[in-house]
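Residue-level structural notes
The residues making up each chain are set out below.
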Amino acid sequence: MLFRKFREEDFPCVLEAYYQAWGWEQGANPLLRLAAARFYVADMIATSDEVIVAEENGVFQGLACLVDPLLRQGEDDSVRLRFRKVAAETLGDLAQMEGGKREVEFMEQLARSGKRLEAQLREQGIGWDAELLFLLCAGHARGKGMGKAITGEVFARLRSVHHSGTVMLKTDTHCSWQFYPKNGWRQVACYPWPEAEDFTAFAFTRPIA
């Protein structure tokens, strides 16, 4: 297994993996589903300090996006800025599509629920030194230990710049959230959406060392 930095040419593979995993959320309209996937993936890349790609024999296996200023030191911002532009343009396209306004509102609600989770952590006196912003496995790699392998690489990189500390992540019931408590993460906050009875957002933490 090879772990390396994200390159722009990886974007179609990441987009396809996201589309397979969460495209159902946008219903039957394929253009809407693709635009929503394009926005979300581009926004994750643009927001991250480091993006790690896993590949095997030249085939994309998965990706992790990290927020950690220590990992960002000395990094080239050109890819990040490029995808910030892609995210902004795609968000504008989404707003003009039939059903797109609903998707934009959903993403805005996701952002608000993330802020609520962070507020809960601060109220509990829980801090964090880094955030696992996004974890994605390609469809052909799921159920084969790929998520565990990628998070192992994530923690190896975090330990290279932190002697101790905590990493945090936010997830929800539309994701495979059960993966985290099974792999050393502790649930520290939750936020059931009042707008959707079947949707709850969670925050988990795990020691870096």
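Residues numbered from 1 in each chain as written. Predicted model: local features only at pLDDT ≥ 70, side-chain atom pairs only at ≥ 80, totals over all residues. Heavy atoms only, no water.

A short note on the layout of surface pockets
Here the largest pocket is characterised by a volume of approximately 1,200 Å³. What lines the largest pocket is a set of 49 residues, and nearest its centre among them are Y40, L133, F134, K170 and C175. Contributing elements (two or more residues each) for the lining of the largest pocket: α1 (11-22), α2 (30-47), α5 (100-123), β4 (130-137), α6 (146-159), β5 (166-172) and β7 (200-207). Ranked by residue count, the leading element in the lining of the largest pocket is α5, at eleven residues. Residue composition of the lining of the largest pocket, grouped by class: 28 nonpolar, ten polar and eleven charged. (1 Å grid on protein atoms, 1.4 Å probe; cavity = no way out; pocket = protein on both sides within 12 Å on 5 of 7 lines; lining within 4 Å. Points joined across faces, edges and corners; volume = space filled by probe spheres on them. Helix = DSSP H or I, 4+ residues; strand = E, 2+ residues; numbered from the N terminus. Nonpolar A, V, L, I, M, F, W, Y, C, P; charged D, E, K, R; others polar.)

Overview of the packing of aromatic side chains
Aromatic ring pairs are reported here in terms of the distance separating the ring centres and the angle at which the planes meet. Scanning the entire structure with this criterion turns up 14 aromatic pairs. Between F6 and F83 the ring centres are 5.6 Å apart and the planes differ by 70 degrees, which places this aromatic pair in the edge-to-face class. Residue F6 is found in the loop between β1 (2-5) and α1, and its partner F83 is found in helix α4 (residues 78-96); the two are separated by 77 residues along the sequence. F6 sits in the buried class, given a relative accessible area of 9%. An angle of 40 degrees between the planes, with centres 4.2 Å apart, marks the rings of W193 and F199 as tilted. A single burial state applies to W193 and to F199, both of which are buried. Grouped by ring-pair contacts, the aromatic residues F155, W177, F179, Y180, W185, F202 and F204 constitute a single cluster. Lying over the aromatic face of F155, R206 brings its terminal NZ or CZ to 4.1 Å of the ring centre. (Phe/Tyr/Trp six-rings, centres within 6.5 Å; stacked < 30°, edge-to-face > 60°. Buried < 20%, exposed > 50% of the residue type's maximum accessible area, 1.4 Å probe, protein only. Lys NZ or Arg CZ within 6 Å of the ring centre and 35° of its normal.)

Focus: α6
Compared with an ideal rise of 1.5 Å per residue, which puts 14 residues at 20 Å, α6 spans 20 Å between its outermost C-alpha atoms and is within 8% of the ideal. Buried within α6 are the following residues: M146, G147, I150, T151, V154, F155, R157 and L158. (Expected span 1.5 Å × (residues − 1).)

All quantities given are derived from atomic positions and should not be read as evidence of function.
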